Amino acid sequence: MTASSAPARSNILVLPGDGIGPEAMAEVDKIIAWTNAQGLTAIETEVDLVGGAAYDAHKAAISDAAMDKALTADAVLFGAVGGPQWDGVPYDARPEAGLLRLRKDLALFANLRPAICYPALASASSLKPELVEGLDILIVRELTGGVYFGEPKEVVTLENGEQRGVDTQVYTTNEIERIAAVAFELARTRSNQVCSMEKNNVMRSGVLWKQVVTATHAKAYSDVELSHMLADAGGMQLVRAPKQFDVIVTDNLFGDMLSDVAAMLTGSLGMLPSASLGAEDPETGKRKAMYEPVHGSAPDIAGQGKANPIAMVASFAMMLRYSLGLGDLATQVEAAIANVFDQGIRTGDIAGSDITPVSTSQMGDALLAELQRVIEAG
Ligand code: IPM
Ligand code: MG
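Residue numbers run consecutively from 1 along every chain, following the written order of its sequence. A letter from A marks each chain and a number from 1 marks each ligand, given out in the order of writing. Where local features are concerned, this predicted model is filtered to residues with pLDDT of at least 70; where side-chain atom pairs are given and counted, the filter is 80 or more; whole-chain, interface and lining totals use all residues. Note: side-chain values were computed over all heavy atoms of the structure, leaving out hydrogens and water.

To continue, consider the overall build of the protein chain. Regarding its fold elements, the protein chain presents 12 helices and 12 strands. We take the radius of gyration over the C-alpha atoms and set the globule estimate at 2.2 Å times the residue count to the 0.38 power. A compact globule built from 378 residues would reach a C-alpha radius of gyration of about 21 Å, and the protein chain, at 21 Å, matches this within 12%. Projecting the C-alpha coordinates of the protein chain onto the three principal axes gives extents of approximately 65 × 50 × 50 Å. The buried share of the protein chain, reckoned over its 378 residues, is 52%. Long-range pairs, those at least 24 residues apart, make up 74% of the contacts in the protein chain between residues at least 6 apart in sequence. Only four residue types enter the charge count: Lys and Arg as positive, Asp and Glu as negative, with His and the chain ends excluded. To locate a charge, take NZ of a lysine, CZ of an arginine, CG of an aspartate or CD of a glutamate. With 29 positive and 48 negative side-chain charges, the protein chain shows a separation of 4 Å between the mean positions of the two kinds. For the purposes of this entry, the term helix denotes a DSSP run of H or I that reaches at least four residues, the term strand denotes a run of E that reaches at least two, and both are numbered from the N terminus. Partly exposed describes any residue whose relative accessible area lies between the buried limit of under 20% and the exposed limit of over 50%, with all areas from a 1.4 Å probe on protein chains only and scaled to the type maximum. Note on contacts: a residue pair is in contact if any heavy atoms of the two residues lie within 4.5 Å.

So, in structure tokens, the structure goes:
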């Protein structure tokens, strides 16, 4: 079966990275090969190194050549970075620096982290099934500002010989406005609720955050229901009653922590995809974008065929939707994921005690077979 109109050619930079990154990415490669052969996509991929793998080759967490490719690609598909073998490398060349440079240099300020609990997996959550069943929240994390990038950022030696480590939390009006706008826009496509989280009781940047989110809402998004929560209380509410949330918008550091919490609600870190988007180009209407699973490199299980490739495949689905304009195919990939769960096919992280887990590549094969079925069924 072929698509009725040929999809536009797209040029994707694939950065598998370290640990389970390459194994998980291999399952996406299988899907791309098939959708390309069917004429459903016209994806051209280029592969390069990032993280520890790039350090071993170039003594940098990403080479300038790879960065150039990322800047011209339609999107970047990113696996994972890091591992204990790079613990001793210089700070600026540590594997995570490659990821942070991609985010910063591509200006990917909006990080979308959906946490969806598939019904079949409610029992794999560490919370009671009734608390998480049907959970569908979206964390919108600011990704290029805050304490991750604020200056000064240093360790200095004081006159008395002591050392002092400094990171700087900093946000400008524009940075807050644009992330709030993304959250409000996305809420309109969902349940129309945004909860903004900060710590205005301790942080000046939190005071500004709350003011600007409130003003942005009043100016252009008053049809969306807006609430505010202190980020610590937000963490508590996420584990107490997660289904009260629709879209959560928060800063870089709180978003890092809250999205790990949200990920675990769904049963496994191996389930959560993410999209990191830049501003819309006023001429082309396109955004720079990178798609990456939230789980990280999991060095303890790397190379053993145990990794759950679903977050990587779901990240690929987000790429189809947000960068390639192939929302229907994205929905079909997501349906294939849900069906595979319903069939009881599980990798070890979500198998529980009564299911024999499948390997990474068996899961990938099951997903592809199910995608084929979903598409044929139309
Ligand atoms: C994430 C990760 C990264 C972050 C690390 C690997 C730098 O935890 O994407 O959530 O802190 O942003
Ligand atoms: Mg994190």
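What follows concerns the pairing of strand β6 (residues 150–157). A pair of strands is treated as paired once DSSP finds two or more bridges between them. Where β6 and strand β7 (residues 163–168) come together, five bridges link them in antiparallel fashion. Directly across from Thr-157, in β7, lies its bridge partner Gln-163. The hairpin formed by β6 and β7 contains five residues between the paired strands, and Gly-161 there has a positive phi angle of roughly 90 degrees.

Here we come to the environment of Ala-314. Secondary-structure assignment places Ala-314 in helix α10 (residues 310–322). In the structure, Ala-314 is positioned 20 residues away from Glu-334 in sequence and 6.7 Å away in space, judged by C-alpha atoms. If we skip the residues at most four places from it in the chain, Ala-314 touches Pro-273 and Ile-337.

Another point: the packing of aromatic side chains. When two rings of Phe, Tyr or Trp (its six-membered ring) have centres within 6.5 Å they constitute a pair, described as stacked for plane angles under 30 degrees, edge-to-face for angles over 60, and tilted for the intermediate range. Considering all chains together, one arrives at three aromatic pairs under this definition. Between Phe-184 and Tyr-221 the ring centres are 5.1 Å apart and the planes differ by 25 degrees, which places this aromatic pair in the stacked class. Taken together, the residues Phe-184 in helix α6 (residues 173–188) and Tyr-221 in the loop between α7 (204–220) and β9 (225–230) connect sequence positions 37 residues apart. Look at Tyr-221 and you get buried, because its relative accessible area is 9%. Note on criteria: charge over ring means Lys NZ or Arg CZ within 6 Å of the ring centre, with the direction from the centre no more than 35 degrees off the ring normal. Positioned above the aromatic ring of Tyr-91, the side-chain terminus of Arg-94 is 3.9 Å from the ring centre. The positively charged end of Arg-141 is found above the aromatic ring belonging to Tyr-148, 5.2 Å away from the centroid.

This part takes up the side chain of Ser-274. Topologically, Ser-274 is positioned in the loop between α9 (252–265) and β11 (275–280). Sequence-distant contacts of Ser-274, defined by excluding residues within four places in its chain, comprise Asn-111, Leu-112, Arg-113, Met-290, Tyr-291, Glu-292, Val-294, Ser-315 and Met-318.

One less than the residue count of a helix, multiplied by 1.5 Å, gives the span that helix is expected to have. With 17 residues, α7 should reach 24 Å at 1.5 Å per residue; the first-to-last C-alpha distance of 25 Å fits that figure. Along α7, the positions that sit buried rather than exposed are Ser-205, Gly-206, Trp-209, Val-212, Val-213, Thr-216 and His-217. Burial along α7 is one-sided: seen end-on, the buried residues are contained in an arc of 135 degrees. Exposed residues on α7 whose side chains face more than 90 degrees from its buried face are Arg-204, Ala-218 and Lys-219. On its buried face, α7 is in contact with β5 (136–142), α6, β8 (193–198), β9 and β10 (247–250). By definition, the arc is the one covered by directions from the helix axis to the C-beta atoms.

With that settled, the discussion passes to the sheet that holds β10. Strand order in the open sheet formed by 10 strands is β2-β1-β3-β12-β11-β4-β5-β10-β8-β9, with mixed pairing between adjacent strands. The sheet is open, and its two edges are formed by β2 (42–47) and β9, each paired on a single side. Averaged over all adjacent pairs, the angle separating strand axes in this sheet is 25 degrees, with direction ignored. In this sheet, β9 lies alongside β8 in parallel orientation, the contact comprising six bridges. Across the sheet, residue Met-197 finds its bridge partner in β9, namely Met-229. Each axis is a line fitted through C-alpha atoms, taken for helices only over the stretch in contact, and angles between the N-to-C directions span 0 to 180 degrees.

Here we take up the site of ligand 1. Here a residue is near a molecule or strand as soon as one of its heavy atoms is found within 4 Å of it. Around ligand 1, the surrounding shell consists of Glu-96, Leu-99, Arg-103, Arg-113, Arg-141, Tyr-148, Asp-256 and Glu-292. Here, Shrake-Rupley sampling with a 1.4 Å probe gives the accessible areas, and only protein chains in the shown set may cover a residue. Protein contact buries 76% of the 320 Å² of open area that ligand 1 shows by itself. For the shell around ligand 1, the element with the highest residue contribution is helix α4 (residues 95–105), accounting for three residues. Across the shell around ligand 1, the residue classes tally to two nonpolar, no polar and six charged. Residue polarity follows a fixed list, in which Ala, Val, Leu, Ile, Met, Phe, Trp, Tyr, Cys and Pro are nonpolar, Asp, Glu, Lys and Arg are charged, and the others, Gly among them, are polar.

Take the pattern of salt bridges next. Salt bridges are counted wherever a side-chain nitrogen of Lys or Arg sits within 4 Å of a carboxyl oxygen of Asp or Glu. Within this structure, the stated rule accounts for 18 salt bridges. Residue Arg-103 pairs with Glu-292 through a salt bridge whose shortest N-O separation is 3.5 Å. Placement of Arg-103 in helix α4 and of Glu-292 in the loop between β12 (287–291) and α10 is noted, with a sequence separation of 189 residues between them. For Arg-103, a relative accessible area of 4% corresponds to the buried category.

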